[in-house]
Amino acid sequence: MALNWYRVDDRLIHGQVVVGWGQPLNLRFLVMVDDEVAASDWEQELYRMGAPDDIEVFFHTVDAAAEHLAAYRADERQGMLLTGSIETMTRLVARDPAITAVCLGGIHHQPDRTQYLRYIFLSSEEVAQLQALVDRGVAVTAQDVPVARPLPLAEILENVGNE
């Protein structure tokens, strides 16, 4: 059990995370790492409302999350850590080398991004950040739901323009 999932999803806590991932994985806590949300009580309350009562939600800045990760890993309950951006996850991995796998969820269209999968759009800077994670030994995959096959970064990057 414990904190086994590190996921990037720009929607953070939403239906697909709490139902599509939460139920099959029996998630009992979510750790949201976002510097802005961690500083905003009303945003935290909005995200808490998106999680069922049986899933505890924690909010941290990158620095605070890095200090608490060992405790979350020791928690007997199943948990998932979420960031809303690749940049935030990259900063967290730099602070905690025990993160060895990152799962990409929904990273949606923006003007500077190219589509790689139906749910993955990346800028050239984000591709470089992900490649730097892989170069550090982090397994970077994309997976929209738990029953889908995890796609490694190299395979994702081959898909540019094919979706």
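Thresholds applied
Residues numbered from 1 in each chain as written. Predicted model: local features only at pLDDT ≥ 70, side-chain atom pairs only at ≥ 80, totals over all residues. Heavy atoms only, no water. Salt bridge = Lys/Arg side-chain N within 4 Å of Asp/Glu carboxyl O. Buried < 20%, exposed > 50% of the residue type's maximum accessible area, 1.4 Å probe, protein only. Helix = DSSP H or I, 4+ residues; strand = E, 2+ residues; numbered from the N terminus. Core = buried A, V, L, I, M, F, W, Y, C linked by side-chain atoms within 4.5 Å. Contact = heavy atoms within 4.5 Å. Axes fitted to C-alpha atoms, helices over the stretch in contact; angles between N-to-C directions. Parallel < 35°, antiparallel > 145°, perpendicular 65-115°, else oblique. Left-handed = near helix turned anticlockwise from the far one by under 90°.

Novice: How should I be thinking about the pattern of salt bridges in this particular structure?
Specialist: Two side chains that carry opposite charge are able to pair once their charged atoms sit near each other. Throughout the structure, instances matching the rule amount to 12 salt bridges. Across the pair Asp9 and Arg11 runs a salt bridge, and its minimum N-O distance is 3.3 Å. Assessed through its relative accessible area of 33%, Arg11 is described here as partly exposed. As a salt-bridge pair, Asp96 and Arg73 come within 2.7 Å of each other at their nearest N and O atoms. Taken together, the residues Asp96 in the loop between α5 (86-95) and β5 (101-104) and Arg73 in helix α4 (residues 62-74) connect sequence positions 23 residues apart. The exposure class of Arg73 is partly exposed, given its relative accessible area of 25%.

Novice: For this particular structure, what's the right way to read the nonpolar core?
Specialist: Across soluble globular proteins, nonpolar side chains show a tendency to be buried alongside one another. Counting 34 residues, the largest nonpolar core has Leu81, Leu92, Leu104, Ile120 and Ile156 as the members making the most contacts within it. Ranked by the residues each element gives to this core, the list is headed by α4, at 5 residues. With near-sequence residues (within four places) excluded, Leu81 lies in contact with Leu3, Trp5, Tyr6, Arg7, Val31, Val33, Leu69, Met89 and Leu92. Counting residues in hydrophobic clusters, the runner-up holds 18 residues, among them Leu30, Val37, Val57 and Met80.

Novice: How do you make sense of the packing of α4 against α5 when you look at a structure like this?
Specialist: Packed helices, taken two at a time, are described by their axes: the angle between them and the distance between them. It is the contact of α4 with α5, at a shortest axis distance of 9 Å, that shows an interaxial angle of 45 degrees. Relative to α5, the element α4 lies oblique. Considering only the axes of α4 and α5, their crossing is right-handed. Contacts from Val62, Asp63, Ala65, Ala66 and Leu69 in α4 reach Thr88, Arg91, Leu92 and Arg95 in α5.

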